[in-house]
Amino acid sequence: MKRILQTITAIAIALLVVSCNTGGSSTSEANYEIVPLPNEIVKQKGTPFKLSASTHIVFPKGNEKMQRNAAFLAEYLELSTGIKPVVTSDMREQNTIMLSTGLANENLEAYHITINEQAIRIEGASEAGVFYGIQSLRKATPVEKTRTVSYSPATINDAPRFGYRGSMLDVARHFEPVEFVKKYIDLLALHNINRFHWHLTDDQGWRIQIDAYPKLTEIGSMRKETVVGHNSGEYDGIPHGGFYTKEELRDMVAYAQERYITIIPEVDLPGHMLAALTAYPQLGCTGGPYEVEGSWGVFDDVLCAGNDSTYIFLEAVLTEVMEIFPSEYIHIGGDESPKTRWEECLKCQALIKELGLKDRNGHTAEHYLQSYVTARMEQFLNSHGRRIIGWDEILEGELAPNATVMSWRGMGGGIQAAQMGHDVIMTPTTYAYFDYYQSQNTEEEPFGIGGYVPLELVYSFEPAPETLTPEQKGHILGAQANLWTEYIKTPDHVEYMLLPRLAALSEVQWMQPDKKDYQQFLQRLPRLIALYDKLGYNYAKHIFNVQATLTPNTKKNALDVEFSTVDNAPVYYTLDGNEPSNTSLHYDGRFSIQEDAVLKAVAIRNNGEKSPVFSETIKVSKSTYKPIELLTKPASNYTYTGATLLVDGLNGTNTNYRTGRWMGFVGEGLVAVVDMLEPTEISKAEIRTDVITGDWIFNASAIEIAISSDNENFTTVASKNITDDATENYEGIFTHEVSFDPVISRYFKVTVKTSVMPEWHPGKGGKAFIFVDEIRLD
């Protein structure tokens, strides 16, 4: 760890624009290339402005918000440089940072900065706009102790693309103390985020004091123990809980408001309510007994929709929530609410009959019953001047008239809602779930839920897809990161999962899409990371590693290899598994591999510090790098680089099927034809599958090999049935070999069939997914 930190420090210093050493230089220079990048930076000729201890920050007299803004700026500058300007409302002409409102811009978060020898002027369309101008000046300021900072003459014009720029924190699964929640709010402010979505209730804990129902926190805030690992059946035996008092909540609301952040509370209903049902079992369909849940997942016990007491409870809870949180929006969840209990509940069935609800349009009457619950809560909140947000499941049945949809199961729900004229916040798992791993080498990462959302993928997120018309795009309010904490127990781990991915998302949320450039972002990011270090944030450091691009080249029948580093440090590599050093092969451009290899690479920087070693095993068969055609379509979220993924010589190194190494299929399974380019003798096929039955991913049921000389008429030469006798969930990587008498042919069709999920599984009778990483023919 010490070596990594030394490396990061060296890179950050190299990329900062400084004029002297960092031990207390006389003058340092600001750099306006920050994160997120302002919309327009116009550099000008002239004498720079000099920040020093005699600089005054001037705010308009009588404006408390602007006085607080000025105090923030003084605090930020002192933290970064050791220089503490004087804060005053007395006007001055020289050596002044002047804060003002009045900028003519319809976007109230817009700001304009002018810098010349006499002054830095930050003018906002509102106090919030000034605050974002202050954040930009803060991030442009070098992080080093110095006597003066030089700001070259320039004008900066900037405004955010989206009005909703959110980040969600789940404190129901693992409770976080007030001190850290405030630190989290400061972290959001640094990234120009203006909405804090706070997930306060769930099956595993109730975190908000409600006077009308005191048992919610007396009983519902504590679980007796927590499951170990991925629902292993083993528990740690350690009670976990906590809640926030109303006084604490109001304090945090005010703290966020001072930083122009609105807290949007979430009370998830009607599902994810086991903590509440444990406290008040009469609110459930069965009457209990219930228990605050210690494992993760989706559970059948939900609020009883046919019980009048449920609505009395919900309205009382939401009334107290509104008293604490002044936000326009209240999030009411609506996700993952099974209908099992409602189907069996006499009260729920009586209400379905009374309302005349029927199965229709692919949804059951119970789906429409949830729509009734949602609409009733929306009507209640609307009558108090508030609006609802719900997860995209609220689209199932009838969408409440004024609901805003938070689209998490991909972009489809958000697209549908926007086309219906509803407002949308995009937060799809593919780009915005920050509880997913950010590295393919998950064994070297803190234990997590799975998935794979690296920095570059976050940066590529486009919340307003081209499938929408301009009018429909107007319903996309913005984008949000979600951090679920089933496997994230500590503040340090929260920070690690957020950073630096939140920096990438901030550019998605703030910048116009045509201004974004990932490589330029990487060059700007180390300056922000220097601020992370100063603030004591714990962040992932993968951007400082050797980045490798491995591309199968079916024309050359080879694997093309490219290396890069964020600071263009020299890279050295080996192909035989030996540890690379500065005497190894020096990387000077793309090269190709056509044989088995153990590829290792390291960046060695000018101070002699080495990056972590990149390592990849390449295993070549006769089919590797050959042209391949898929005859069945992969599942939409699991196509990745396409068919060549199956012949790239690269194995999935673990069961994480979202790393881009495994291709997923459902329904007809996998059918692919490999073109060997010439008649080739083959006597064995090897297929690798990834199995995680808890995620509905099972082993293959059968494998078939067929051959053809013309790619039209195929003859089966071998098949293998695969049995699965498991009676409970399991996971692992399985290698299947199909051997047969040698045959000579040009085209080989490989069929990998899916399984039907067994009776013991929740998905019984349905087609399972299969995931395959490689097809090898020898």
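Residues numbered from 1 in each chain as written. Predicted model: local features only at pLDDT ≥ 70, side-chain atom pairs only at ≥ 80, totals over all residues. Heavy atoms only, no water.

Notes on the overall build of the protein chain
In step 1: The secondary structure content of the protein chain amounts to 18 helices and 36 strands.
In step 2: Against the 2.2 N^0.38 benchmark of 28 Å for 778 residues, the protein chain shows a C-alpha radius of gyration of 29 Å, consistent with a compact globule.
In step 3: When the backbone C-alpha atoms are referred to their principal axes, the protein chain occupies close to 90 × 75 × 50 Å.
In step 4: A buried classification covers 57% of the 778 residues belonging to the protein chain.
In step 5: A sequence separation of at least 24 residues applies to 72% of the contacts in the protein chain between residues at least 6 apart.
In step 6: Looking at the protein chain as shown, the accessible area adds up to about 31,000 Å², and 47% of this sits on carbon and sulfur atoms. (Helix = DSSP H or I, 4+ residues; strand = E, 2+ residues; numbered from the N terminus. Rg over C-alpha atoms; globule rule 2.2 N^0.38 Å. Buried < 20%, exposed > 50% of the residue type's maximum accessible area, 1.4 Å probe, protein only. Contact = heavy atoms within 4.5 Å. Areas by Shrake-Rupley, 256 points an atom, 1.4 Å probe, with all protein chains shown as cover.)

A closer look at the nonpolar core
Side chains that are nonpolar tend, in soluble globular proteins, to be buried together.
In step 1: Ranked by internal contacts, the top residues of the largest apolar core, which has 173 residues, are Tyr151, Trp198 and Trp206.
In step 2: Grouped together as the second largest cluster of nonpolar side chains are 30 residues, Leu670, Ala672, Val743 and Phe748 included. (Core = buried A, V, L, I, M, F, W, Y, C linked by side-chain atoms within 4.5 Å.)

Some words on the sheet that holds strand S26 (residues 585-586)
In step 1: With antiparallel pairing, the 4 strands of this open sheet are ordered in space as S26-S25-S28-S29. Either end of the sheet is taken by a strand with one partner, and the two such strands are S26 and strand S29 (614-618).
In step 2: As paired elements, strand S25 (residues 571-574) and S26 share 2 bridges and run antiparallel to each other. Pairing of tyrosine 573 across the sheet is with leucine 585, part of S26. (Pairing = 2+ DSSP bridges.)

A short note on the packing of aromatic side chains
In step 1: Enumeration over the complete set of coordinates arrives at 42 aromatic pairs.
In step 2: Measuring from centroid to centroid gives 6.2 Å for tryptophan 296 and tyrosine 487, while their planes differ by 65°, and the two rings are edge-to-face. With tryptophan 296 in the loop between helix H7 (274-279) and helix H8 (308-324) and tyrosine 487 in the loop between strand S22 (476-483) and helix H16 (491-498), this pair connects stretches of sequence that are 191 residues apart. The same class applies to tryptophan 296 and to tyrosine 487, which are both buried.
In step 3: Taking the ring centre of tyrosine 255 as reference, the NZ or CZ of arginine 259 above it sits at 3.5 Å.
In step 4: Geometry around tyrosine 539 places lysine 541 over its ring, the cationic atom sitting 4.4 Å from the centre. (Phe/Tyr/Trp six-rings, centres within 6.5 Å; stacked < 30°, edge-to-face > 60°. Lys NZ or Arg CZ within 6 Å of the ring centre and 35° of its normal.)

Points about the pattern of salt bridges
In step 1: All chains considered together, the criterion is met by 30 salt bridges.
In step 2: For arginine 165, the salt bridge goes to glutamate 109, with nearest N and O atoms at 2.8 Å. Taken together, the residues span a long stretch of sequence, with arginine 165 in strand S11 (residues 164-170) and glutamate 109 in the loop between strand S6 (96-101) and strand S7 (111-115) at a distance of 56 residues.
In step 3: For arginine 165, a relative accessible area of 0% gives the class buried.
In step 4: For glutamate 109, a relative accessible area of 13% gives the class buried.
In step 5: Lysine 183 serves as the salt-bridge partner of glutamate 495, at 2.9 Å between the closest nitrogen and oxygen. (Salt bridge = Lys/Arg side-chain N within 4 Å of Asp/Glu carboxyl O.)

What to know about the side chain of histidine 736
In step 1: Looking at the secondary structure, you find histidine 736 in strand S35 (residues 731-753).
In step 2: A polar contact is formed between the side chain of histidine 736 and the side chain of threonine 689, at a distance of 3.2 Å.
In step 3: Looking at histidine 736, its side chain comes within polar contact range of the side chain of asparagine 699, at 2.8 Å. (Polar contact = N/O pair within 3.5 Å; in protein donor to acceptor, adjacent residues only side chain to side chain.)

Describing helix H4 (residues 178-190)
In step 1: Here H4 is 13 residues long and its end C-alpha atoms lie 19 Å apart, about the 18 Å a rise of 1.5 Å per residue gives.
In step 2: Taken residue by residue, H4 has Val178, Phe180, Val181, Tyr184, Ile185, Leu187, Leu188, Ala189 and Leu190 as its buried positions.
In step 3: Where H4 ends, the next residue or the one after it, asparagine 192, has phi of about 60°, a positive value. (Expected span 1.5 Å × (residues − 1).)

Looking at unusual backbone geometry
In step 1: Put simply, leucine 269 and proline 270 share a cis peptide bond, and its omega is 0°.
In step 2: Structurally, the position occupied by proline 270 is in the loop between strand S17 (262-269) and H7.
In step 3: One non-glycine residue, glutamate 336, lies in positive phi territory at about 45°.
In step 4: If you check the backbone angles, leucine 677 has positive phi at about 75° while not being a glycine.
In step 5: Within the element layout of this structure, leucine 677 appears in strand S32 (residues 670-692).

What about the sheet that holds S6?
In step 1: Across the sheet, 7 strands lie side by side as S2-S10-S7-S8-S6-S4-S5; this open sheet has mixed pairing. Looking along the sheet, the strands with just one partner apiece sit at the ends: strand S2 (40-43) and strand S5 (86-88). Along the sheet, successive strands turn relative to each other by an average axial angle of 10°, direction set aside.
In step 2: Pairing geometry for S7 and strand S10 (residues 154-158), over 5 bridges, is antiparallel. (Axes fitted to C-alpha atoms, helices over the stretch in contact; angles between N-to-C directions.)

Thoughts on the packing of helix H2 (residues 64-81) against helix H3 (residues 127-140)
In step 1: Where H2 contacts H3, the two axes come as close as 10 Å, and the packing angle between them is 10°. The pairing of H2 with H3 is recorded here as roughly parallel in orientation. Contact residues: H2 offers Lys65, Met66, Asn69, Phe72, Leu73 and Tyr76, while H3 offers Glu127, Val130, Phe131, Ile134, Gln135, Leu137 and Arg138.
In step 2: Along the lines of polarity and charge, the residues of the contact of H2 with H3 split into 8 nonpolar, 2 polar and 3 charged. (Parallel < 35°, antiparallel > 145°, perpendicular 65-115°, else oblique. Nonpolar A, V, L, I, M, F, W, Y, C, P; charged D, E, K, R; others polar.)

Description of the environment of threonine 374
In step 1: In this fold, threonine 374 is placed in helix H11 (residues 365-382).
In step 2: For threonine 374, a relative accessible area of 6% puts it in the buried group.
In step 3: For the pair threonine 374 and tyrosine 730, spaced 356 residues apart in sequence, the C-alpha separation works out to 37 Å.
In step 4: If sequence neighbours within four positions are ignored, threonine 374 has contacts with Ile332, Ile388, Ile394 and Ala400.

Some thoughts on the confidence of the model for the protein chain
In step 1: The predicted model of the protein chain averages 95 in pLDDT, with 97% of residues at 70 or higher.
In step 2: Considering only residues more than four positions removed or in separate chains, one finds that residues 13-23, a stretch of pLDDT under 50, has 17 contacts. (pLDDT = per-residue confidence, 0-100.)

Some remarks on the side chain of aspartate 392
In step 1: Following the sequence through the fold, aspartate 392 ends up in the loop between strand S19 (387-391) and strand S20 (404-407).
In step 2: For aspartate 392, a relative accessible area of 2% translates into the label buried.
In step 3: Each residue touching aspartate 392, except ones within four places of it in the same chain, is listed here: Val405, Met406, Ser407, Trp408, Arg409 and Gly413.

Observations concerning helix H6 (residues 246-258)
In step 1: If you check H6, its first and last C-alpha atoms are 18 Å apart, about what 13 residues at 1.5 Å a residue would give, namely 18 Å.
In step 2: Lys246, Leu249, Met252, Val253, Tyr255 and Ala256 are the residues of H6 that are buried.
In step 3: In this structure, the buried side of H6 is in contact with H4, strand S12 (195-199), S17 and H8.
In step 4: Following H6 by one or two positions, tyrosine 260 has its phi on the positive side, about 60°.

Focus: the pairing of S32
In step 1: Of all 23 residues in S32, 17 are buried, a share of seventy percent or more.
In step 2: Pairing of strand S30 (residues 628-630) with S32, which is carried by 3 bridges, proceeds in the antiparallel orientation. The residue of S32 that forms the bridge with glutamate 629 is valine 673.
In step 3: Here S32 pairs with strand S36 (residues 770-777) via 6 bridges, running antiparallel. Paired with isoleucine 687 across the bridge in S36 is isoleucine 775.

Observations regarding the environment of leucine 559
In step 1: Of note, leucine 559 is situated in strand S24 (residues 558-564).
In step 2: Along the primary structure leucine 559 and isoleucine 120 are separated by 439 residues, whereas in three dimensions their C-alpha atoms are 53 Å apart.
In step 3: Dropping the residues within four chain positions of it, leucine 559 is found in contact with Leu550, Thr551, Pro552, Phe591, Ser592, Ile593, Ile618, Tyr625, Asp648 and Leu650.

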